[in-house]
Amino acid sequence: MDSYLIGLGNNDTKTRQEASQDFVKFWESQAKKLDWFESWNTPLEWNPPFAKWFVGGKINASYNALDVQKPDKIAIFWEGENEERQIVTYAQLLDSVQRLANGLKSLGVKKGDRITIYLPMVPELIVSILACARIGAIHTVIFSGFSAQSIKDRIVDSQSKLVITADGGYRRGKIVKLKDVVDTAISDLDFVSNVIVFQRTNHPITMTSKDIFWNVLLEKNSNICPPEKLESTHPLYILYTSGTTGKPKGVLHDTGGYLTHVSATFRWAFDIKDSDVYFCTADIGWVTGHSYVAYGPLLCGATQVMYEGAPDYPNSARMWDLIQRYKITIFYTTPTALRMFMKFGDEIPNSFDLSSLRLLGSVGEPINPEVWKWYYNIIGKTKCPIIDTWWQTETGAMMISPLPGLETIPLKPGSGAHAIPGVDLAILDESGDTVPAETKGYLVIRKPWPGMLTTLWGDDAKYKSVYWSKYKDTYYTGDYAICDKDGYFWLLGRADDVLKIAGHRIGTAELESSLVSHNLISEAAVCGIPDQIKGEVIIAFLVAKEGVSISDELRGQIMDIVRKDIGAIATPQSLYFVSKLPKTRSGKIMRRLLKAIASNEKIGDVSTLEDGAAVSEIQSAFDELQKQIRSYSFSS
Ligand code: PRX
């Protein structure tokens, strides 16, 4: 196994020592680095599985992100996909945030109200988030690739009274008409009283009596809005994410604990300095964008690049051009993006000056060692540590990662190294025993941590059953992992039915219910199969109703339904029509068998798969399915 002995020369052993002595006291010392209006009286109230951090403390996220920072420092170098550019200082952000916060108040928004935000990657998205945080409204950001139906489901679930959107945004040179999508989503939702519309693309749109232009609202409201002194436990945001069952779940995060975890990890992982130019390519619609675009950099007073569009538009040199032009020092992206860049060869990045880089990061899915090495050699020119950061929407911030801001350790391509200080991870077998080194098991978290979700919005029962029912008082991550003999964690993908497409979570149940909503389809089962670029792509097995003839037209209709119900990211790569789905005697779909079939694996590999079925049962289901597929399959 190759190991890379590189870091940034930091050697702080005290932090880990303190964390291992008393994790609560340790997190208190991290919380003290933020600005509190009032200190807490109880650092942690733990009534499993409900945790409350820094109880009694009063804090405000926007105050910490803006008011306490240097006003003239550049917060954002923004670049539109169409090469429009804008420089935004901390003072300018604060000005807009206060105006919008007052604007929200003037529209009747109060502490605890939910606000849905559906915007492209523009500075106004960060302004919207912080304006909500300033007055204690709970933001729920929806990725701008989601469909009207997805937005509607989320607005209904969160009961948002107001939506902030834009006329449109640019993606691959085209305008994505966001306002039209919102109009459809809320057409019969009377409880949504207003829509604030930022003009990004300036194409013609229809304004209704509920709609207010962003500029008009900001102009008529004052730029002084004192931050609300909020309880540490006050909800900061809801972020919807896919699970194995039903509709997406609203992951709820608090204020004080979340900010503590995000700011500490931002410092430890990125070794942030005043002179750094940081760039995280994640969209704010996903958790990485919440924690490491919207909150982390601002809480630490960093300067960052924010980019609106597709990473390979107009060509695959876009990222390298940004790094060269803004002299980016820290670059945080996904394995999917790296695999795509790698495919275009070394010549393109080699023709740019990437010498400003000093630290590289990866997030969202396992990074294959070849890609890690390419990143290290070609992008980092063998002088930048790579941090492979493992975490989840639910954990709020990084849980496993090398931390060059703290320590210098040997790096192993494909491993995230160790748990961050103050976090207690273990790998368990089915019965809850810790597995020996080098043995695959389920990754769990044994103690509460400050960034943890507080519950699922409106559904404590589901919160308990999804995360806390497999093992007693222990958080179940849903991931397989091993720990090697040196204590390095290796993440091996999901142990449940959650798909990871280009690092984005797609729930199997949600997708299957969309597929069967076509009136000619009676049953559907989806699985993910390995893909060289996206990590995984979706394959759907469908049973059509009696007498239905399979045609390209039917396939087109099915794809349209998925696009409409969820969004283009969830469309299957291939559809296989079969007359019957393989099921165990207890009626469970043999999803792993489907996966094996779609990946062209042999039955020998399949028989070891864990669907709770007998080998002979799997063998006959396999043979039968293969016969059927030969007669019906076609790819999209
Ligand atoms: O399976 C793990 C994978 O992404 C899941 C969490 O997805 P999400 O909530 O969308 O958050 C993604 C951004 C943090 C995890 O359960 N995952 C995330 N990071 C890594 C990873 N798998 C391997 N290596 C990683 N670095």
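Residues numbered from 1 in each chain as written. Predicted model: local features only at pLDDT ≥ 70, side-chain atom pairs only at ≥ 80, totals over all residues. Heavy atoms only, no water.

Novice: Can you help me understand the overall build of the protein chain in this one?
Specialist: On a plain count of helices and strands, the protein chain comes out with 20 helices and 33 strands. Principal-axis analysis of the C-alpha atoms gives the protein chain an extent of 70 × 60 × 55 Å. Here the protein chain, with 636 residues, has 59% of them falling under the buried criterion. Across the protein chain, contacts joining residues at least 24 apart in sequence account for 72% of those joining residues at least 6 apart. With an accessible surface of roughly 23,900 Å², the protein chain has 50% of that area assigned to carbon and sulfur atoms. Here the protein chain holds 68 positive side-chain charges and 74 negative ones, and the gap between their average locations is 1 Å. (Helix = DSSP H or I, 4+ residues; strand = E, 2+ residues; numbered from the N terminus. Buried < 20%, exposed > 50% of the residue type's maximum accessible area, 1.4 Å probe, protein only. Contact = heavy atoms within 4.5 Å. Areas by Shrake-Rupley, 256 points an atom, 1.4 Å probe, with all protein chains shown as cover. Lys, Arg positive; Asp, Glu negative; His and termini not counted. Charge placed at Lys NZ, Arg CZ, Asp CG, Glu CD.)

Novice: Explanation requested: the packing of aromatic side chains in the structure shown.
Specialist: The geometry of an aromatic ring pair is captured by two quantities: the separation of the ring centres and the angle between the planes. Using the criterion set out here, one finds 38 aromatic pairs in the structure. For the ring pair phenylalanine 143 and tryptophan 286, a centre distance of 5.0 Å and an interplane angle of 40° mean the geometry is tilted. Of the two residues, phenylalanine 143 is situated in the loop between strand 8 (138-141) and helix 6 (148-158) and tryptophan 286 in the loop between strand 17 (277-280) and helix 10 (287-299); the sequence distance between them amounts to 143 residues. Exposure class is identical for phenylalanine 143 and tryptophan 286. Each is buried. Aromatic side chains tyrosine 442 and tyrosine 480 sit 5.5 Å apart centroid to centroid with 25° between the ring planes, which places their arrangement in the stacked category. With tyrosine 442 in strand 24 (residues 441-445) and tyrosine 480 in strand 26 (residues 475-483), this residue pair connects regions lying 38 residues apart in the sequence. By the burial criterion, tyrosine 442 is buried, and tyrosine 480 matches it. A network of ring pairs unites the aromatic residues Trp46, Phe50, Trp449, Tyr463, Tyr467, Trp468 and Tyr475 as a single cluster. (Phe/Tyr/Trp six-rings, centres within 6.5 Å; stacked < 30°, edge-to-face > 60°.)

Novice: I keep staring at the nonpolar core and nothing clicks. Help me out?
Specialist: Most often, soluble globular proteins keep nonpolar side chains buried together rather than apart. Ranked by size, the top nonpolar core spans 149 residues in total, and within it Trp27, Leu100, Leu104, Ile164, Phe270, Ile284 and Tyr295 carry the most contacts. Looking at which element gives the most residues to this core, the answer is helix 5 (residues 123-135), with 9 residues. Listed in part, the 39 residues of the second largest apolar core include Met319, Leu338, Val371 and Leu411. (Core = buried A, V, L, I, M, F, W, Y, C linked by side-chain atoms within 4.5 Å.)

Novice: I would appreciate a short explanation of the site of the ligand in the present structure.
Specialist: Residues in close proximity to the ligand total 17 residues, the closest being Asp388, Thr389, Thr393, Arg494 and Arg505. One of the side-chain nitrogen or oxygen atoms of threonine 393 is found 2.5 Å away from an oxygen atom of the ligand. A distance of 2.7 Å is found between an oxygen atom of the ligand and a side-chain nitrogen or oxygen belonging to arginine 494. Here the ligand, which alone exposes 540 Å², has 95% of that area covered by the protein. (Near = heavy atom within 4 Å. Polar contact = N/O pair within 3.5 Å; in protein donor to acceptor, adjacent residues only side chain to side chain.)

Novice: Can you walk me through the pattern of salt bridges in this structure?
Specialist: Pairing between side chains becomes possible if they bear opposite charge and their charged atoms approach one another. For the structure on display, the rule yields 38 salt bridges. Notably, a salt bridge pairs aspartate 274 with lysine 70, separated by 2.9 Å at the nearest N-O pair. You can see aspartate 274 sitting in the loop between helix 9 (256-270) and strand 17 and its partner lysine 70 sitting in the loop between helix 3 (61-67) and strand 5 (74-79), a full 204 residues away along the chain. The salt bridge partner of glutamate 308 is arginine 200, with a shortest N-O separation of 2.8 Å. Of this pair, glutamate 308 sits in the loop between strand 18 (303-307) and helix 11 (318-326) while arginine 200 sits in the loop between strand 12 (194-198) and strand 13 (211-213), placing them 108 residues apart in sequence. The class for glutamate 308 is buried, based on a relative accessible area of 4%. (Salt bridge = Lys/Arg side-chain N within 4 Å of Asp/Glu carboxyl O.)

Novice: What should I look at first to understand the sheet that holds strand 24 in this one?
Specialist: The strands that make up a sheet pair up through hydrogen bonds in the backbone, lying either parallel or antiparallel. Read across the sheet, 4 strands follow the order 23-24-26-27 without closing on themselves; strand pairing throughout is antiparallel. Either end of the sheet is taken by a strand with one partner, and the two such strands are strand 23 (425-428) and strand 27 (489-494). Here the average twist between neighbouring strands, direction ignored, is 45°. Sheet analysis places strand 26 next to strand 27, joined by 4 bridges and oriented antiparallel. Residue pairing for strand 27: aspartate 479 is matched across the bridge by arginine 494. (Pairing = 2+ DSSP bridges. Axes fitted to C-alpha atoms, helices over the stretch in contact; angles between N-to-C directions.)

Novice: For this particular structure, what's the right way to read the sheet that holds strand 21 (residues 386-389)?
Specialist: As summarised here, the arrangement of the 7 strands in space is 6-5-18-17-19-20-21, forming an open sheet in which the pairing is mixed. Either end of the sheet is taken by a strand with one partner, and the two such strands are strand 6 (85-89) and strand 21. Strand-to-strand twist in this sheet, taken as the mean axis angle between neighbours without regard to direction, amounts to 20°. Taken together, the 4 bridges between strand 19 (residues 330-333) and strand 20 (residues 359-363) define a ladder with parallel strand orientation. For isoleucine 330, the partnering residue across the bridge sits in strand 20 and is leucine 359.

Novice: Can you help me understand the state of the cysteines in this one?
Specialist: A covalent bond bridging the sulfur atoms of two cysteines is what the word disulfide describes. On inspection of all chains with the given rule, the structure shows 0 disulfides. With no disulfide of its own, cysteine 280 lies 14 Å from the sulfur of cysteine 300, the closest cysteine sulfur. (Disulfide = S-S within 2.5 Å.)

Novice: Where do I start with the packing of helix 1 (residues 14-21) against helix 2 (residues 23-31) in this structure?
Specialist: Here helix 1 crosses helix 2 at 130°, and the two axes come no closer than 5 Å. In this view, helix 1 runs oblique relative to helix 2, as classed from their interaxial angle. Two secondary-structure elements touch here, helix 1 through Thr15, Glu18, Ala19 and Gln21 and helix 2 through Phe23, Phe26 and Ser29. Across the contact of helix 1 with helix 2, the residue classes tally to 3 nonpolar, 3 polar and 1 charged. (Parallel < 35°, antiparallel > 145°, perpendicular 65-115°, else oblique. Nonpolar A, V, L, I, M, F, W, Y, C, P; charged D, E, K, R; others polar.)

Novice: Is there a simple way to explain helix 17 (residues 552-565) in this structure?
Specialist: Because an α-helix completes one turn every 3.6 residues, residues spaced three or four positions apart along the sequence face the same direction. Between its first and last C-alpha atoms helix 17 spans 20 Å; for 14 residues at 1.5 Å apiece the expected length is 20 Å, and the two agree. Backbone geometry just after helix 17 places glycine 567 at a positive phi near 145°. (Expected span 1.5 Å × (residues − 1).)

Novice: Which parts of the structure should I look at to understand the pairing of strand 8?
Specialist: Residues of strand 8 alternate between two faces, with Ile138 and Thr140 on one and His139 and Val141 on the opposite face, all of them buried. For strand 7 (residues 114-118) and strand 8, the ladder comprises 4 bridges, and the chain directions are parallel. The residue bridging isoleucine 117 from the neighbouring strand is valine 141, located in strand 8. Read as a crossover between parallel neighbours, the route from strand 7 over helix 5 to strand 8 is right-handed. (Right-handed = clockwise from strand over helix to strand, strands pointing away.)

Novice: Is there a simple way to think about the pairing of strand 23 in this case?
Specialist: Along any regular strand the residues' side chains alternate between the sheet's two faces. A two-sided burial pattern is seen for strand 23, the buried positions comprising Leu425 and Ile427 on one face and Ala426 and Leu428 on the other. Sheet analysis places strand 23 next to strand 24, joined by 4 bridges and oriented antiparallel. Bridged to alanine 426 within strand 24 is valine 444.

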